[in-house]
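Reading the structure
For reference, the chains in residue letters:
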There are 2 protein chains.
Amino acid sequence: MRKISESTVRRLSVYLGLLEEFARLGKATVSSDEMAQRGHTTPAQVRKDLSFFGSFGKRGLGYDVVELSDRLRDILGLGRTYRVTVIGAGKIGSALVQYREFGERGFHIVSVYDNDEAKVGRSWNGVEVRDVRQLESDLRTEPVDIAILAIPPHVAQQTMDLLVGIGVKAVLNFAPIRLSHPDEVTVQNVNMALELETLSYALRNS
Amino acid sequence: MRKISESTVRRLSVYLGLLEEFARLGKATVSSDEMAQRGHTTPAQVRKDLSFFGSFGKRGLGYDVVELSDRLRDILGLGRTYRVTVIGAGKIGSALVQYREFGERGFHIVSVYDNDEAKVGRSWNGVEVRDVRQLESDLRTEPVDIAILAIPPHVAQQTMDLLVGIGVKAVLNFAPIRLSHPDEVTVQNVNMALELETLSYALRNS
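Residues numbered from 1 in each chain as written. Chains lettered and ligands numbered in written order. Predicted model: local features only at pLDDT ≥ 70, side-chain atom pairs only at ≥ 80, totals over all residues. Heavy atoms only, no water.

So, about the sheet that holds strand β3 (residues 82-87) of chain A. Strands sit in the order β5-β6-β4-β3-β7-β8-β9 (chain A) across an open sheet of seven strands; the sheet is mixed. Edge strands, defined here as strands with exactly one partner in the open sheet, are β5 (123-124) and β9 (186-189) of chain A. Pairing between strand β8 (residues 170-173) of chain A and β9(A): four bridges, direction parallel. Bridge pairing in β9(A) places A:Ala170 opposite A:Thr186. Each of β3, β4 (107-114), β7 (146-149), β8 and β9 of chain A is contacted by helix α9 (residues 192-204) of chain B, which is oriented at about 160° to β8(A), the strand it contacts most. (Pairing = 2+ DSSP bridges. Helix = DSSP H or I, 4+ residues; strand = E, 2+ residues; numbered from the N terminus. Contact = heavy atoms within 4.5 Å. Axes fitted to C-alpha atoms, helices over the stretch in contact; angles between N-to-C directions.)

Here you go:
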């Protein structure tokens, strides 16, 4: 399968969410027009995105909701579960641990780390907050698939380096800083200021 | 100026962050190579993105850090301040109100709303939590530029409709649901599960 762009992956993820909604409503088939309208894109874009992975739709009948959902889950790597650790037990870390959609999608938060002794040992949604000094030895004995960085920017790079050294291959970074990392590690940045900047751009140019 | 894509806007926002970092380090000029390396893109992409807005770089000298930052701030609509309201005083809302970068970028959180009486009246980082039933009348007398939705999915669409009716033109949505809205309103979705799905896609295809 050829490599597809990040923006295509994001749209596939949106399509999957829509298909799951359609499934809950009891719909058996869906057209590219319906997908496009609900996903705020064009029917041509929907057909193009899905054509990467072979032919799904039947002309005039649309896509089979269950079949297409299964295929997208497979493409997105959602056919398995992932072990996730959250580093940083602040507000963002706390919000993430309680985020129900993660578990439903197969992302299981198995541990939370912090350097604040007042937080270490507490239980959060059934997950115990551990001392960040244990991070390296813990991950060496019980590896995770994904690490989420919800820590201040000045300690983010050193933590990233530690994770790379341990062999973590996927990181979701909430610290407002670009992290250096080897190409074989995938880093996804969530930057709230950046989200607002796409809105200010839209407001300026509307 | 021609309309540019959302992914270009996001890269411009990343470049601005990098330039501000270079400025703090006292650098006067920067090359497209340095920008590309730190921004995890290619020099050709950097030059292409910046060429949308006229010629900045001097061959062999690179870009002037201060000049380019100012220009990007202007392009992104950051030459002014924005009034922002947060709807939902849960974990995500709480994390957002304390997010220092917002204020530094000119995004001022002026109000927080919730329907939980135990939260209404409390002060959060100097911002009082108000009763959501006041939302409509408040926004009609004191308009905001941007509304952030940090509420459960089952109340998100009705709140969106209310905001559209009041004339809010930009919404940052944290509810894990696609919202229907008129084209003249810009909605930016932050979906944590979607971020993890781009990572699971990368892990599956690495």
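All right, on to the pairing of strand β6 (residues 127-131) of chain B then. Residue and element names in this part refer to chain B. Judged from the three bridges that link them, strand β4 (residues 107-114) and β6 form a sheet pairing that is parallel. Bridge assignment links Tyr113 to a residue of β6, and that residue is Arg130. Examined bridge by bridge, strand β5 (residues 123-124) and β6 share two bridges and lie antiparallel to one another. Residue pairing for β6: Ser123 is matched across the bridge by Glu128. What sits between the antiparallel neighbours β5 and β6 is a turn of two residues, in which Asn125 has the positive phi angle 45°.

In this section: the packing of helix α1 (residues 6-24) of chain A against helix α3 (residues 43-51) of chain A. All names here are of chain A. Running from amino to carboxyl end, α1 crosses α3 at an angle of 105°, the nearest separation of the two axes being 11 Å. Judged by the inter-axis angle, α1 sits roughly perpendicular to α3. Judged by residue contacts, Thr8, Arg11, Leu12 and Tyr15 of α1 engage Gln45, Val46, Asp49 and Leu50 from α3. For the contact of α1 with α3, the class distribution of residues is four nonpolar, two polar and two charged. (Parallel < 35°, antiparallel > 145°, perpendicular 65-115°, else oblique. Nonpolar A, V, L, I, M, F, W, Y, C, P; charged D, E, K, R; others polar.)

Right, let's talk about the domain arrangement of chain A for a bit. Examined at the domain level, chain A breaks down into domain 1 (6-75) and domain 2 (82-194). The gap between the C-alpha centroids of domain 1 of chain A and domain 2 of chain A is 32 Å. (Domains from an automatic or database assignment.)

With the rule as written, the count across this model stands at four aromatic pairs over all chains. Relative to B:Phe107, the ring of B:Tyr82 lies with its centre 5.5 Å away and its plane at 25°, an arrangement referred to as stacked. Here B:Tyr82 is found in strand β3 (residues 82-87), whereas its partner B:Phe107 is found in strand β4, with 25 residues between them in sequence. You'll find B:Tyr82 and B:Phe107 in the same group, each marked buried. Stacked on the ring of A:Tyr82, the Lys or Arg A:Arg80 has its end atom at 4.0 Å from the ring centre. (Phe/Tyr/Trp six-rings, centres within 6.5 Å; stacked < 30°, edge-to-face > 60°. Buried < 20%, exposed > 50% of the residue type's maximum accessible area, 1.4 Å probe, protein only. Lys NZ or Arg CZ within 6 Å of the ring centre and 35° of its normal.)

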